[in-house]
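# Observations on the model geometry
So you can see what is in the structure, the chains are spelled out below.
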2 protein chains.
Amino acid sequence: MLEPVPVSDEFEPKFDASGLLTAVIVDAQSKAVLMVAFMDAEALAATRASGFAHFHSRSRGRLWKKGESSGNVLAVERILVDCDQDALVLECRPAGPTCHTGADSCFFRQLEDDALRPVNT
Amino acid sequence: MLEPVPVSDEFEPKFDASGLLTAVIVDAQSKAVLMVAFMDAEALAATRASGFAHFHSRSRGRLWKKGESSGNVLAVERILVDCDQDALVLECRPAGPTCHTGADSCFFRQLEDDALRPVNT
């Protein structure tokens, strides 16, 4: 039987070579995955200080509060941290559809052979 | 009312500058997030061909079949694709604990102030 691997109980987020970690946003009630984004130290600090999800936009190269233009903010209820502290799960209450397409979740399609079909829940 | 944004129904995965996309592994039954990893084109092809989750290890710089040494493989039941096709959710049946610590999920701790505590489910 394998011994459990010891892990620290201090929060020491591990940002990658680009200064980012991965954030998975799930609905606090349904637990459905709503979106995936990246956080740098600034986005993580803004999220923890405000209680609303902030990310680092890789395309725009800046801090981005989710919903800053649409109003569809994400109120963070709980943050889960993975074993090696380079990924977070944010359990959130969404103020509206999370996806810019108007869908509740960005993951509204499933792969079937080489085509994308609406998710069959 | 906003018009829905048109999206393609062709699968055209968008790998980032490092040739990677993000894969979120969820338990096909409970929907709990088990782990987060990265896939390059090779890992995605191996996953689709075999039905078992394969990733690209950034630290080892190579293709990695999850469970290749532990036996704790992940049988992929469904792949969800996000709006801009740079992230996937893999709904999987795990053969054993997913985390190398022996926990079912890599996300077994939650952030409370600056400390990590066991997840209070």
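Structure's up top.
Residues numbered from 1 in each chain as written. Chains lettered and ligands numbered in written order. Predicted model: local features only at pLDDT ≥ 70, side-chain atom pairs only at ≥ 80, totals over all residues. Heavy atoms only, no water.

### A word on the pattern of salt bridges
The line we're drawing: Salt bridges are identified by distance alone: a Lys or Arg side-chain nitrogen within 4 Å of an Asp or Glu carboxyl oxygen. Only protein chains enter the accessibility calculation, which uses a 1.4 Å probe; a residue whose area is less than 20% of its type maximum is buried, one above 50% is exposed, and one in between is partly exposed. By the criteria applied, helices consist of DSSP H or I runs no shorter than four residues and strands consist of E runs no shorter than two, each listed in order from the N terminus.
Enumeration over the complete set of coordinates arrives at 14 salt bridges over all chains. Here glutamate 112 of chain A ties to arginine 117 of chain A by a salt bridge, and the two come within 3.9 Å at their closest N and O atoms. Residue glutamate 112 of chain A is classed as partly exposed on the basis of its relative accessible area of 36%. On the basis of relative accessible area, arginine 117 of chain A is assigned to the partly exposed category, the value being 38%. Measuring nitrogen to oxygen at the nearest pair gives 2.9 Å for the salt bridge that ties arginine 78 of chain B to glutamate 91 of chain B. On the criterion of sequence distance, the pair formed by arginine 78 of chain B in strand S5 (residues 74-81) and glutamate 91 of chain B in strand S6 (residues 87-94) is long-range, its members being 13 residues apart. The same class applies to arginine 78 of chain B as to glutamate 91 of chain B, namely buried. Salt bridges linked by common partners bring Lys31, Arg78 and Glu91 of chain A together as one network.

### Points about the relation of the copies chain B and chain A
The test is simple: C-alpha atoms of residues with pLDDT of at least 70 in both copies form the basis for the least-squares superposition of the copies. Residues are treated as being in contact if the distance between any of their heavy atoms lies within 4.5 Å.
Under the fitted operation, chain B is carried onto chain A by 0.0 Å of movement along the axis and a turn of 180 degrees, and the coordinates agree to an RMSD of 0.0 Å. Overall, the copies show the geometry of a two-fold rotation axis. Closest approach to the rotation axis within chain B is made by the C-alpha atom of lysine 31 of chain B, at a distance of 3.5 Å. The share of interface residues of chain B whose copies in chain A are also at the interface is 98%, consistent with both copies meeting through the same surface.

### Observations concerning the environment of proline 13 of chain A
All names here are of chain A. Examined against the element boundaries, proline 13 turns out to sit in the segment before strand S1 (21-27). Taking C-alpha positions, proline 13 is 25 Å from threonine 98, a pair spaced 85 residues apart along the chain. Apart from the residues within four sequence positions on either side, proline 13 is in contact with Leu21, Leu44 and Gln85.

### Some words on unusual backbone geometry
Glycine aside, residues mostly have negative phi, and peptide bonds are mostly found in the trans state. Backbone geometry at glutamine 85 of chain B places phi at a positive 60 degrees, although glycine is not the residue there. With respect to the helices and strands, the residue glutamine 85 of chain B is situated in the loop between S5 and S6.

### Here we look at the environment of isoleucine 79 of chain B
Along the chain, isoleucine 79 of chain B falls in strand S5. Judged by its relative accessible area of 9%, isoleucine 79 of chain B is buried. If we skip the residues at most four places from it in the chain, isoleucine 79 of chain B touches Arg109, Gln110 and Leu111 of chain A together with Arg48, Leu88, Val89 and Leu90 of chain B.

### Points about the sheet that holds S1 of chain A
This is how the line gets drawn: Strand pairing requires that DSSP identify at least two bridges connecting the strands. Note on geometry: axes are lines fitted to C-alpha atoms, helical ones only across the stretch in contact, with angles between N-to-C directions running from 0 to 180 degrees.
With mixed pairing, the six strands of this open sheet are ordered in space as S2(A)-S1(A)-S6(A)-S5(A)-S7(B)-S8(B). At either margin of the open sheet sits one strand with a lone partner, and together these are strand S2 (33-39) of chain A together with strand S8 (115-118) of chain B. Averaged over neighbouring strand pairs, the angle between their axes works out to 35 degrees when direction is ignored. As judged from the seven bridges shared by strand S5 (residues 74-81) of chain A and strand S6 (residues 87-94) of chain A, these two strands associate in the antiparallel manner. The partner of alanine 75 of chain A across the bridge, within S6 of chain A, is arginine 93 of chain A.

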